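Spelled out from the first residue to the last, the chains are:
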Amino acid sequence: MVSINGAFSRSRLTSIRVFQGGCSFPAPRALERSFSKFPARRMRRVSHLLPLCVLLLVNGCKTSEDATAAATQMTTTASALVDYYAALEKLMKKTDELNRLQEAMLTIPYQQPDRKQIADQAAEFEKREQMAEELTQLAGAFTSLASPAAAQAATDSTTKLQTELASIKQLTPATDEINAMTGAMQLLVSAIQQHKEREAAKAMAATLTGLDGFFLKEMRANESLDSQFVTLAGSLATNLVDQGQIDESSYVQDALGSFDLTARVTDPGIKARIDVLAKAHIAARGDAEKRRFARASTGMEQALAEMARRVNTVASDKAMKSRLAPPSLADVAKWTAEIPGK
Amino acid sequence: MGDALSTIEALYFGLQQQVGMISLATTTQAEKDRFMTQYVAARTAYWACINKMFHDDDPQVATLTRQLKDATTQVSKAEAEMGNISKVIDNITQAVTIAAQLSTFAAG
């Protein structure tokens, strides 16, 4: 039923179910204990969404398992979105480092305004990461409908999210999508304050639809930013090969390793031919990285769209077709795990 | 991201890929400095555009985009031949000048 990065099994969650009010759903404390093996940051994101299960379950027992699955999927997807933006922020910082390296190697000046522009872009991705975190906070806060304090927390959370949204500098015009999210969040708070669970879930789905649209609009710009990093890194690597600054011995180690022999390539002809191989390798790896990022972006977008559909399905009291987390998130995890230095 | 930014992207990424080779091909410090100035200007134009937005339906943007595409094609041809490095840098200068002009049409 539950799968968070493939690390959480169905049997583990079902074993900590409790019976409450005729409906079976995971007990928050028990569920939090079961997440104890997760890193603190991910644990925090997940725990904030636990009350969402409760909200969605209020709609009726017949959809309780669907509701739980939808909440879990939302958690997993929001977590992947945070990781996606964090990885892009890291790429911008790596871009800054590579430009400094290029300045040192090739004496190409790297000063203002370029430094500031790259730093600004890193800050933009940090804002998006915060936005994704705030969405998780909101999902958790809008759940405890009986408590005035929780309603206030939902309002506070929404205000923070709206502030995050307002501070975002659009890479591609996406005013309609941002306005849709803002409007949906206002409906969400209103529904929570009036204890209208179904309307709250529908407003959450609308918020997610807006987020999907926003993400889709920026996908091409994100791909460009990944490409410039890959191209710059490839350019520096190729330059090092051309300048004879790599050890070609590493290329023949596979042939010698099994025999406990160490390479010492000194022949200029062999070195030159290996350099050709090395440059082809740099180009191929660069292309593969660009394809991996394109798949990650597409996977993220598909997961956001699926999450919106699923929450909407639960809000409409319909049965979901699948309770598994979107498989496309695997492409996101694959890319974020491979960012240099991560 | 529209056609205008894609065109600036093509110019900058192309220069990124060739930066080492062109630097090596320069025969005087003046040539090298001239090329580096253009490379930096291309990078600045790219980042100025990635942080902003274009209105591709603006006729001036469309004209400059078309001109930049042609100029970038000339740069690629000259780089492929690499016979006269001074001519290569002239072509790059022409393309980067258009890219810089185009980047001023990006709205914040």
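Residues numbered from 1 in each chain as written. Chains lettered and ligands numbered in written order. Predicted model: local features only at pLDDT ≥ 70, side-chain atom pairs only at ≥ 80, totals over all residues.

## Topic: the overall build of chain A
In step 1: Of regular secondary structure, chain A possesses 11 helices and two strands.
In step 2: Listing the helices and strands of chain A from first to last along the sequence gives α-β-β-α-α-α-α-α-α-α-α-α-α.
In step 3: Put simply, chain A has 342 residues, and 41% of those count as buried.
In step 4: In chain A, the share of contacts with a sequence separation of at least 24, taken over all contacts with a separation of at least 6, comes to 73%. (Helix = DSSP H or I, 4+ residues; strand = E, 2+ residues; numbered from the N terminus. Buried ≥ 20, exposed ≤ 12 C-beta atoms within 10 Å, placed from the backbone. Contact = placed C-beta atoms within 7 Å.)

## Comments concerning the overall build of chain B
In step 1: Within chain B, the secondary structure is distributed over four helices and zero strands.
In step 2: The linear arrangement of helices and strands in chain B, starting from the amino end, is α-α-α-α.
In step 3: A compact globule built from 108 residues would reach a C-alpha radius of gyration of about 13 Å, and chain B, at 14 Å, matches this within 12%.
In step 4: Its C-alpha atoms give chain B principal-axis dimensions of about 40 × 20 × 20 Å.
In step 5: Within chain B, the proportion of its 108 residues that are buried is 42%.
In step 6: Contacts in chain B between residues far apart in sequence, at least 24 positions, make up 81% of those at least 6 positions apart. (Rg over C-alpha atoms; globule rule 2.2 N^0.38 Å.)

## Quick look at helix α3 (residues 59-81) of chain B
Residues and elements named next belong to chain B.
In step 1: Given a rise of 1.5 Å per residue, 23 residues ought to cover 33 Å, and the 34 Å separating the end C-alpha atoms of α3 matches this to within 8%.
In step 2: The set of residues buried in α3 consists of Leu64, Thr65, Leu68, Ala71, Thr72 and Val75.
In step 3: Trailing α3 by a residue or two, Met82 shows a phi angle of about 50°, which is positive. (Expected span 1.5 Å × (residues − 1).)

## With respect to the environment of A:Arg198
In step 1: Here A:Arg198 lies in helix α8 (residues 197-242).
In step 2: Distance from A:Arg198 to A:Ala315, taken between C-alpha atoms, is 5.3 Å for residues 117 residues apart in sequence.

## Observations concerning the interface of chain B and chain A
How large an interface is tends to be reported as the accessible area lost when its parts come together.
In step 1: With 18 residues of chain B at the interface, the matching set in chain A holds 25 residues.
In step 2: Of all the secondary-structure elements, those providing two or more residues to the side of chain B that touches chain A are α1 (3-25) and α2 (29-50) of chain B.
In step 3: Of the residues forming the side of chain B that touches chain A, the biggest block, eight residues, is contributed by α2(B).
In step 4: Considered class by class, the residues forming the side of chain B that touches chain A number 10 nonpolar, six polar and two charged. (Nonpolar A, V, L, I, M, F, W, Y, C, P; charged D, E, K, R; others polar.)

## Overview of the nonpolar core
In step 1: In terms of nonpolar packing, the biggest core is built from 98 residues, with A:Val311, B:Ile8 and B:Ala99 touching the most fellow members.
In step 2: Considering every element that reaches this core, the biggest residue donor is α8(A), with 19 residues.
In step 3: Those residues in contact with B:Ala99, other than ones at most four positions away along the chain, are B:Ile8, B:Leu11, B:Ala42, B:Ala45 and B:Leu68. (Core = buried A, V, L, I, M, F, W, Y, C linked by C-beta atoms within 7 Å.)

## Description of unusual backbone geometry
All names here are of chain A.
In step 1: For the bond from Gln112 to Pro113, the omega torsion is 5°, close enough to zero to count as cis.
In step 2: In this structure, Asp260 is a non-glycine residue whose phi angle is positive, near 55°.
In step 3: Within the chain, Asp317 stands out as a residue other than glycine whose phi angle is a positive 65°.

## Re the packing of α1(B) against α2(B)
Residues and elements named next belong to chain B.
In step 1: Contact geometry of α1 with α2 gives a least axis separation of 9 Å together with a crossing angle of 150°. Looking at the two axes, α1 sits roughly antiparallel to α2. For the pair α1 and α2, the sense of crossing is left-handed. The segment α1 lies against α2, with Leu5, Ile8, Glu9, Leu11, Tyr12, Leu15, Val19, Ile22 and Ser23 engaging Lys32, Phe35, Tyr39, Ala42, Arg43, Ala45, Tyr46 and Cys49.
In step 2: Looking at side-chain class alone, the contact of α1 with α2 contains 13 nonpolar, one polar and three charged residues. (Axes fitted to C-alpha atoms, helices over the stretch in contact; angles between N-to-C directions. Parallel < 35°, antiparallel > 145°, perpendicular 65-115°, else oblique. Left-handed = near helix turned anticlockwise from the far one by under 90°.)

## Observations concerning the packing of α1(B) against helix α4 (residues 85-103) of chain B
Residue and element names in this part refer to chain B.
In step 1: In the contact formed by α1 and α4, the axes pass within 11 Å of each other and the chain directions differ by 150°. Between α1 and α4, the angle falls in the class roughly antiparallel. Crossing geometry of α1 relative to α4 is assigned as left-handed. Residue-level inspection shows Ala4, Ile8, Leu11, Leu15, Ile22 and Ala25 of α1 in contact with α4, the latter providing Ile85, Val88, Ile92, Ala95, Ala99, Leu102 and Ser103.

## Re the confidence of the model for chain B
Residue and element names in this part refer to chain B.
In step 1: The share of residues in chain B with pLDDT of 70 or more is 94%, and the mean pLDDT across the chain is 88.
In step 2: The element-level mean pLDDT for chain B is lowest in α3, coming to 88, with α2 highest at 94.
In step 3: With a pTM of 0.82, the predicted complex shows an ipTM of 0.90. (pLDDT = per-residue confidence, 0-100.)

## Comments concerning the confidence of the model for chain A
Parts of the prediction with low pLDDT should not have their coordinates interpreted in detail.
Residues and elements named next belong to chain A.
In step 1: Averaged over all residues, the pLDDT of chain A is 79; the fraction at 70 or higher stands at 76%.
In step 2: Mean pLDDT across the secondary structure elements of chain A bottoms out at strand β1 (residues 17-20), with 29, and peaks at helix α11 (residues 329-337), with 95.
In step 3: Between residues 59-63, whose pLDDT stays under 50, and residues either more than four places distant or in other chains, the model counts nine contacts.

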